[in-house]
Each structure stands twice: as structure tokens, then as C-alpha cells.
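The lines below spell out each chain.
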Amino acid sequence: MKLALGAILICTTFAIITAIGCKKNNSNDNSGGGTGNTGGAVSITTVVTAKYKSAVTVAVSGSTITMRSNGTPDHVSPYWLAGHALYEAQIAGQNTNPGNIGVQNYAMTIPTNPAEATSKEATSLGPIGMALNGVAIYNDREGGNVPVDANVLKSFDRAGAHPGPGNSYHYHFTGDFIGNDNANLIGFLRDGFPIYARKDNDGSYPSNLDANGGHVGITADFSTAIYHYHAANTAYMGSRFYVLKAGSYHGTKGTFTN
Ligand SMILES: [Zn+2]
Ligand SMILES: [Zn+2]
């Protein structure tokens, strides 16, 4: 009896801390239906806290998490100013734009338990998520809300990123650092759902992605099935790059301020 009570206490405590353990008893919403825990039953708090790099400050407040970063990458780029330790010269085929990597003051606030939205909102220009290193994630479009074209494509560094107005450096594509032909966790989008590289954890390319590039399943980080996005598995305009995210959010987007 004492043992059972202890187990319940440990279980409950664990569930409060992680909201992953003992999930069946703590599901606050299963409205996602029969496709898995798409209705906010899975907390992302533990993974967010563990996986964001030290350059990103993570703060949990009630049912939201806020990540703050200065938006600069932890890898090489020709967009660092010459002389910076991470500066590298552009490589063949690149044609960098006049910007460089500038310090930002990002704050992204997302739900601890992301849930599917009944009406899916299209992603728009500007930050749609934050990579684990604190760099902003953008969709497949550029100014004028048109898809990245062949000219703009040359402006991307090996990271699949470039600076925009205000020297806000951001990823549109997978590139060489955050994840590409693997199952890396890349970051989280503004609706709170995680985004992964092109593969699932079993090494396969997912074949059942929905119109917004996601599906429900377990990942290396989530042992309970959760909706997650994947980078596209088609080379963009025959280039070395793969779009991180196009289309709409699966859930309801939180705020991203700078
Ligand atoms: Zn851009
Ligand atoms: Zn997957």
C-alpha cells in the first residue's frame, strides 16, 4: 500500500514536472480525435527546456513557454563580418546579399501543450518559429509574399539562411547545420509544434505528411505520439536546399516579437 501510494505520488509529481509521464491521467484535451494526441495532451516543456541551446533563455509561465534569443547562429556564415571567428568566405554559386548577421531581441511565446486549430492559419512573412540555436525560421517566401526565386536562392549560405531587413538572419531551408537528411529536431514553430529534418527516427522518409508538412507520430524526443512538422523532402528548384516549412500552421500561432 505504501509502495503504491509512493508510486502514485512519484507519478503525479513527474507528470506535473514533465507532463509526459502518466499522460493518460493528465490529458486535458483529446479533441484531436482518433489520430493520436493532437489535442494538447502532450507537453513540450521538457523537450524545449532540454534541447534549446544555452544561447536561448527558456521561461515557463503557466500554459506558455517563452524563448528569448539574440537571433545569431552558432555556426559559420559569410554573413558574419570579416574577422569574426565564424566568418567564412562565400563558396561557388553563392551571391550574398548586402546584409550581415545582426543582434536581435527575439521573444517567442508558444503553448506548453500545442493543440490542433479548427481553422488553419497560413504562415506569413517574418519569423514563424525558432531553431534550437535561437535563429528565426521563415517559410518558403520572400518580400512580396512570393516563393524564393532562382536569384534569391543564390543569397543563401550553407546554412540555408540569409539576413533580411534589420540584419535579421533567418533560415528558409535545411542547410548544413541544423538538420537535413536526418531526423534532427530543428526547433519549434509558433504554434508550439516541433519541426524535424527530412527523416523520421526510424530512418525512413515520412510518406503520410499532410498539406502543412506534418503528421502525428513518436519521435526521438516524444515517446507519446505528437503532431510534428518535417522539412520537405524535395530539393528546392533542384538546389541543395530543402524548404523547412510551407503552408499553414497546424495549431494556433503564438507571438514572436523583436
Ligand atoms: Zn529570407
Ligand atoms: Zn515524423
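Our subject is the structure that appears above.
Keep in mind it's a predicted model, so treat the numbers as computed, not measured. Residue indices follow the written sequence of each chain, beginning from 1 at its first position. Starting at A for chains and at 1 for ligands, labels are handed out in the order in which the entities are written. Predicted model: local features are reported for residues with pLDDT of at least 70 only, side-chain atom pairs are reported and counted for 80 or more only, and whole-chain, interface and lining totals are derived from all residues.

Colleague: For the overall build of the protein, give the residues involved together with the corresponding values.
Modeller: Labels follow the DSSP assignment, with helices taken as runs of H or I lasting at least four residues and strands as runs of E lasting at least two, numbered in each case from the N terminus. In terms of helices and strands, the protein carries four helices and 14 strands. For the protein, buried positions account for 40% of its 258 residues. The long-range fraction of contacts in the protein, counting pairs at least 24 apart against all pairs at least 6 apart in sequence, stands at 62%. Backbone-placed C-beta atoms define the burial measure: a residue is buried with 20 or more other C-beta atoms within 10 Å of its own, exposed with 12 or fewer, and partly exposed in between. Placing a C-beta atom from the backbone of each residue, one calls two residues in contact when those atoms lie within 7 Å.

Colleague: Describe the environment of aspartate 157, and please don't skip the residues or the numbers.
Modeller: Looking at the secondary structure, you find aspartate 157 in the loop between α4 (150-153) and β8 (161-164). On a C-alpha basis, the gap between aspartate 157 and glycine 175 in space is 8.0 Å, while along the polypeptide they are 18 residues apart. Those residues within four positions of aspartate 157 in sequence are excluded, and the remaining contacts are Ser77, Pro78, Tyr79, Gln94 and His162.

Colleague: So, unusual backbone geometry: which residues are in play, and what are the values?
Modeller: For asparagine 167, which is not a glycine, the phi torsion comes out positive at approximately 55 degrees. The topology assignment puts asparagine 167 in the loop between β8 and β9 (168-171). Despite not being glycine, methionine 237 shows a phi value in the positive range, around 50 degrees. One can find methionine 237 in the loop between β13 (226-230) and β14 (255-257).

Colleague: Outline the sheet that holds strand β12 (residues 214-217), supporting the account with residue identities and numerical values.
Modeller: Within a beta sheet, neighbouring strands are joined by backbone hydrogen bonds and run either parallel or antiparallel to one another. Any two strands with at least two DSSP bridges between them are considered paired. Taken together, eight strands build an open sheet; the order of strands is β8-β9-β5-β4-β10-β11-β13-β12 and the sheet is mixed. The open sheet has two free edges, formed respectively by β8 and β12, since each of these has just one partner strand. Here strand β11 (residues 194-196) pairs with β13 via two bridges, running parallel. Considered in β13, the bridge of isoleucine 195 is made with tyrosine 229.

Colleague: Please set out the pairing of strand β1 (residues 57-61) residue by residue, giving values where relevant.
Modeller: Burial analysis of β1 places just zero of its five residues in the buried class, a small minority of the element. Bridge count between β1 and strand β2 (residues 64-69): five bridges; the pairing is antiparallel. Along β2, the bridge assignment pairs valine 58 with methionine 67. Connecting β1 to the next strand, β2, in antiparallel fashion are two residues, including glycine 62 with a positive phi near 60 degrees.

Colleague: Explain the sheet that holds β1 to me, using residue names and the numbers behind them.
Modeller: Reading across the sheet, the four strands line up as β1-β2-β3-β14 and stay open at both edges, with antiparallel pairing between neighbours. Of all strands in the sheet, those with a lone pairing partner are β1 and β14, marking the two edges. When strand polarity is set aside, the average angle formed by the axes of neighbouring strands in this sheet is 15 degrees. Fitting a line to C-alpha atoms yields each axis, with helices limited to the stretch in contact; the angle taken between N-to-C directions then spans 0 to 180 degrees.

Colleague: Run through the nonpolar core, naming residues and quoting values.
Modeller: With 52 residues, the main nonpolar core has Ile137, Tyr171 and Ile186 as its most contacted residues. Residues within four places of isoleucine 137 in sequence aside, it is in contact with Pro127, Ile128, Gly129, Met130, Ala131, His170, Tyr171, Gly187, Leu189, Leu244 and Lys245. Only buried Ala, Val, Leu, Ile, Met, Phe, Trp, Tyr and Cys residues enter a nonpolar core, and they are joined through C-beta atoms within 7 Å.

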